[in-house]
Amino acid sequence: MVNIFFRIIFSFLLVLLLLLLLMNDKVALGQDGDPVGSTQGGGGREMVPALFIFGDSLIDNGNNNNLPSFAKANYYPYGINFNGGPTGRFSNGYTCWENMLFKNISELLGLPLIPAYSEASGAQVLHGVNYASAAAGILDITGRNFVGRIPFDQQIRNFQNTLDQVTDNLGASDVSNAIARCIFFVGMGSNDYLNNYLMPNYNTKNQYNAQQYADLLVSEYSRQLTTLYNLGARKFVLAGLGRMGCIPRILAQYQMDRCSEEVNQLVMPFNANVKTMINNLNANLLGARFTFIDIARMFEDLLTNYRSYGFSVIDRGCCGIGRNGGQITCLPFQTPCANREQYVFWDAFHPTEAVNIMFGRKAFYGDQSVVYPMNIQQLASL
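Residues numbered from 1 in each chain as written. Predicted model: local features only at pLDDT ≥ 70, side-chain atom pairs only at ≥ 80, totals over all residues. Heavy atoms only, no water.

**Here we look at the state of the cysteines**
Where two cysteines share a covalent bond between their sulfur atoms, that bond is called a disulfide. All chains considered together, the criterion is met by three disulfides. Sulfur-sulfur distance for the disulfide between Cys318 and Cys337 comes to 2.0 Å. Disulfide Cys318-Cys337: the torsion about the S-S bond is -105°, which places it as left-handed. In this pair, Cys318 sits in the loop between β6 (313-317) and β7 (320-321) while Cys337 sits in the loop between β8 (328-329) and β9 (343-345), placing the two residues 19 residues apart along the sequence. For the pair formed by Cys318 and Cys337, the shared burial category is buried. In this model Cys319 forms its disulfide with Cys330; the gap between the sulfur atoms is 2.3 Å. With Cys319 in the loop between β6 and β7 and Cys330 in the loop between β8 and β9, this residue pair connects regions lying 11 residues apart in the sequence. (Disulfide = S-S within 2.5 Å. Helix = DSSP H or I, 4+ residues; strand = E, 2+ residues; numbered from the N terminus. Buried < 20%, exposed > 50% of the residue type's maximum accessible area, 1.4 Å probe, protein only.)

Written as structure tokens, this is what we have:
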């Protein structure tokens with residue numbers, strides 16, 4: 001069932017001052033009057049100059065707000081900003097990776113909150129940009145049921161526009177050196193299943209079995225990531241797919257009281273292929289460092305041991321309508337559950353802020369059982 005979203009634009013941008021090189025008057029990526037490595041807006045030592053983010057609704061912080069799209073969350077009771085206004089984030093607070101990359105580790109990375117591409121301009125782009133778009137996929141055709149969205153290929157083109165803008169101001173040499181030290185976070189693939197392969201109005205399921213579809217997706221994914229590499233990116237963090245058979249939308253759709261193992265098994269080849277791709281890219285792209293976050297393993301641990309983590313509800317959304325709170329996502333001004341910190345899922349598709357914070361800490365500090373071949377802290381230190 002198509003989720004209906006309504007348009008209420010509100011900004012959620014934190015902008016730092018212009019960053020000046022000590023040796024000249026140029027503004028540089030990741031600097032604010034001091035060389036890279038000084039204390040910055042996040043309150044800690046700046047470990048990387050900037051962060052560039054690509055993905056879907058798990059990461060979108062408002063890029064869909066102005067699109068003719070049903071995939072929007074810029075209304076209550078979705079996340080609010082510091083001024084009490086709606087943000088366009090698909091969560092009851094920060095999105096999953098904002099928690100991971102900002103709230104939990106901003107003091108370590110020294111980075112401010114990263115603006116949405118649709119809102120960023122001028123000096124706002126110097127610490128990075130968020131290009132993510134709800135309903136977007138690796139494949140351009142993914143998510144067409146939501147009408148407007150920004151597929152991964154277009155997100156990459158948007159990054160190139162940003163790069164051109166910064167290069168015009170700074171010069172190619174300065175930008176190239178800085179981009180190589182930035183982190184590129186990519187979380188793609190969920191919609192290629194939820195809003196493509198598993199949708200009855202798509203013929204994809206009749207064209208490919210699970211392995212063939214995973215091969216197609218990761219072949220495209222590898223091409224896209226290589227394009228980012230050719231644009232100067234060197235440090236990549238890729239998020240795998242979670243246990244999608246356990247989300248309230250799937251439980252409602254299949255009228256199940258427990259996770260759909262059919263759906264969980266469907267996405268396993270994708271995660272396996274991405275791990276293989278990472279090994280190949282690390283070996284074949286000079287200077288590249290790719291890290292994989294095993295979201296499926298994190299979710300399996302969470303759903304098995306949820307009570308020990310302080311959760312009590314794992315099979316329904318805190319904010320939603322119908323079976324499992326998963327048939328229709330949060331409607332505007334709907335009253336969510338009162339005890340949201342005890343819920344694993346905020347709505348039909350997305351985890352609560354409490355889960356996001358927990359996963360963020362594991363991704364930053366975790367061992368190779370959940371972050372391979374190194375965690376984000378180690379990657380940022382290189």
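**Structural notes on the environment of Asp140**
Positionally, Asp140 belongs in the loop between β2 (128-130) and α3 (152-170). Residues Asp140 and Pro151, 11 residues apart in the sequence, show an inter-C-alpha distance of 5.4 Å. Contact partners of Asp140, with chain neighbours within four places excluded, come to Arg149, Pro151 and Asp153. (Contact = heavy atoms within 4.5 Å.)

**Some thoughts on the pattern of salt bridges**
Tallying each qualifying case throughout the model produces seven salt bridges. Across the pair Glu261 and Arg243 runs a salt bridge whose closest N-O atoms are separated by 3.0 Å. Pair noted here: Glu261 is in helix α9 (residues 261-284) and Arg243 is in the loop between β4 (235-239) and α8 (248-253), with a separation of 18 residues, a long-range link. Residue Lys275 pairs with Asp294 through a salt bridge whose shortest N-O separation is 3.4 Å. Within this pair, whereas Lys275 is found in helix α9, its partner Asp294 is found in the loop between β5 (289-293) and α10 (295-304), the two being separated by 19 residues in sequence. Under the relative-accessibility criterion, Lys275 is labelled partly exposed at 33%. (Salt bridge = Lys/Arg side-chain N within 4 Å of Asp/Glu carboxyl O.)

**Thoughts on unusual backbone geometry**
With an omega dihedral of -5°, the bond running from Tyr372 to Pro373 counts as a cis peptide bond. Its identity is not glycine, yet Gln255 carries a phi of approximately 50°, on the positive side. Tracing the backbone shows Gln255 in the loop between α8 and α9. Positive phi, close to 60°, is recorded for Asn324, a residue that is not glycine. Inspection of the secondary structure assignment puts Asn324 in the loop between β7 and β8.

**Regarding the side chain of Asp294**
Judged by its relative accessible area of 9%, Asp294 falls in the buried class. For Asp294, the contacting residues outside a window of four places in its chain are Lys275, Ser369 and Val370.

**Considering helix α4 (residues 172-179)**
Of all the positions in α4, only Val175, Ala178 and Ile179 are classed as buried. Along the axis of α4, the buried positions cluster into a sector of 95°, meaning they face one direction only. Contacts from the buried residues of α4 go to β1 (51-55), α3 and β3 (183-187). (Arc of directions from axis to C-beta.)

**Quick notes on the layout of surface pockets**
To find leftover empty space, a probe the size of one water molecule is rolled over the atoms. In this model, the largest pocket occupies a volume close to 280 Å³. Every residue lining the largest pocket is counted, 15 residues in all, and those nearest its centre are Met268, Asn271, Asp294, Ala296 and Arg297. Listed by contribution, the elements that provide at least two residues to the lining of the largest pocket are α9 and α10. In terms of residue class, the lining of the largest pocket is built from five nonpolar, four polar and six charged. (1 Å grid on protein atoms, 1.4 Å probe; cavity = no way out; pocket = protein on both sides within 12 Å on 5 of 7 lines; lining within 4 Å. Points joined across faces, edges and corners; volume = space filled by probe spheres on them. Nonpolar A, V, L, I, M, F, W, Y, C, P; charged D, E, K, R; others polar.)

**Brief notes about the packing of α10 against helix α11 (residues 353-365)**
In contact at an axis separation of 11 Å, α10 and α11 are set at 125° when each is read in the N-to-C sense. Considered as vectors, α10 and α11 are oriented oblique to each other. Helix-helix and strand crossings are classified by hand; for α10 and α11 the assignment is right-handed. Residues Ile295, Met298, Phe299, Asp301 and Leu302 of α10 pack against Val355, Met358, Phe359, Lys362 and Ala363 of α11. Within the contact of α10 with α11, the residues separate by chemical class into eight nonpolar, no polar and two charged. (Axes fitted to C-alpha atoms, helices over the stretch in contact; angles between N-to-C directions. Parallel < 35°, antiparallel > 145°, perpendicular 65-115°, else oblique. Left-handed = near helix turned anticlockwise from the far one by under 90°.)

**Digging into the pairing of β4**
Counting buried residues along β4, five of its five residues qualify, which places the element largely inside the surrounding structure. Here β4 shows a buried face lined by Lys235, Val237 and Ala239 and a second buried face lined by Phe236 and Leu238. Here β3 pairs with β4 via four bridges, running parallel. Each bridged residue has a counterpart across the sheet, and for Phe184 the counterpart in β4 is Phe236. Here β4 runs beside β5; their pairing, made up of five bridges, is parallel. Bridge pairing in β5 links Ala239 to Ile293. (Pairing = 2+ DSSP bridges.)

**Focus on the environment of Tyr213**
Relative to the elements of secondary structure, Tyr213 occurs in helix α7 (residues 210-230). Owing to a relative accessible area of 0%, Tyr213 belongs among the buried residues under this scheme. The spatial distance from the C-alpha of Tyr213 to the C-alpha of Pro269 is 8.7 Å, given a sequence separation of 56 residues. If we ignore the near neighbours within four places in the chain, the residues touching Tyr213 are Leu139, Asp192, Tyr193, Asn196, Tyr197, Thr204 and Tyr208.

Everything listed is a geometric property; what it means functionally is a separate question.
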